[in-house]
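Overview (structure and organization)
Listed below, chain by chain, are the residues.
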Amino acid sequence: MNGVKEDGLTFLLNCWVNGAIRSHAYIMGAKHIKPFIKGVSEVVMETFLEVTNGKNDVIKDANDPISAIKAYADLETSSGILSEGHTSIEGESDEIYVTFTDCPYAKPCSEILGELITGGQLDKARFPCIRADVSLAAAKHNSEKNGTYSLIQYAPGEKCKASLKLLQ
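Now for a quick tour of the structure. (Residues numbered from 1 in each chain as written. Predicted model: local features only at pLDDT ≥ 70, side-chain atom pairs only at ≥ 80, totals over all residues. Heavy atoms only, no water.)

1. Notes on helix α4 (residues 106-118)
- The end-to-end C-alpha separation of α4 is 17 Å, in line with the 18 Å expected for 13 residues at 1.5 Å each.
- Within α4 the residues assigned to the buried category are Ala106, Pro108, Cys109, Ile112, Leu113, Gly114 and Leu116.
- In the stretch just after α4, glycine 120 is the one whose phi turns positive, near 75°. (Helix = DSSP H or I, 4+ residues; strand = E, 2+ residues; numbered from the N terminus. Expected span 1.5 Å × (residues − 1). Buried < 20%, exposed > 50% of the residue type's maximum accessible area, 1.4 Å probe, protein only.)

What follows is the structure, given as structure tokens:
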């Protein structure tokens, strides 16, 4: 990696994510953060697929949205981004419960989003989760269905759980 330490790359990633969310909140207002993160997550997921999969689209080729989310989590593991077992998935094809541990976005999430909640600018009902949005993007890529989610549990870096619902 040209002499750059992994800790330095993590620090830089955290600065970029934090800066992007913070600047969007300043410019557009905190209530627009969730759609912003959803859009960014879809683009990041698509880009990640292009880089890691090339022409082999394991997400599109998965049997159902749950398998697509699992396939994406497997790509995160095989690429070295996250450790084994970082995502657990349960539910039906249109209502999926996803639990995240070992989150690379925990630091910026807890910093800027926590700051917005304590400052009264963002309520917990509209709280965004990058990993939930990426999972929803994988489900959408597979099923071509839009969706929504709500956080059931929020503990950045420890355990966050979301309920994803695919729309007809």
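2. Examining the pattern of salt bridges
- In the structure shown here, the tally under the stated rule is five salt bridges.
- The salt bridge partner of glutamate 115 is arginine 22, with a shortest N-O separation of 3.0 Å. You can see glutamate 115 sitting in helix α4 and its partner arginine 22 sitting in helix α1 (residues 6-28), a full 93 residues away along the chain.
- The partner of lysine 107 in a salt bridge is glutamate 111, and the shortest N-O contact between them spans 2.8 Å. Here glutamate 111 and lysine 107 lie together in helix α4, a separation of four residues that amounts to about one turn.
- Looking at lysine 107, the relative accessible area reads 45%, which means it is partly exposed.
- By relative accessible area, which is 33% here, glutamate 111 ends up partly exposed. (Salt bridge = Lys/Arg side-chain N within 4 Å of Asp/Glu carboxyl O.)

3. Section: the sheet that holds strand β1 (residues 87-91)
- Across the sheet, which stays open at both edges, the four strands sit in the order β1-β2-β4-β3 with antiparallel pairing between neighbours. Both edges of this open sheet fall to β1 and β3 (147-153), since each of them pairs with a single strand only. In this sheet, adjacent strand axes meet at a mean angle of 25° when their direction is disregarded.
- Sheet topology note: the β3/strand β4 (residues 160-166) ladder contains six bridges and is antiparallel. Residue pairing across strands places tyrosine 149 opposite leucine 164, the latter belonging to β4.
- Strand contacts of helix α3 (residues 65-78): β1, β2 (95-100) and β4, with the helix running at about 175° to β1, the strand carrying the most contacts.
- Relative to β4, helix α5 (residues 130-143) is tilted by about 30°, and along the sheet it contacts β1, β2, β3 and β4. (Pairing = 2+ DSSP bridges. Axes fitted to C-alpha atoms, helices over the stretch in contact; angles between N-to-C directions. Contact = heavy atoms within 4.5 Å.)

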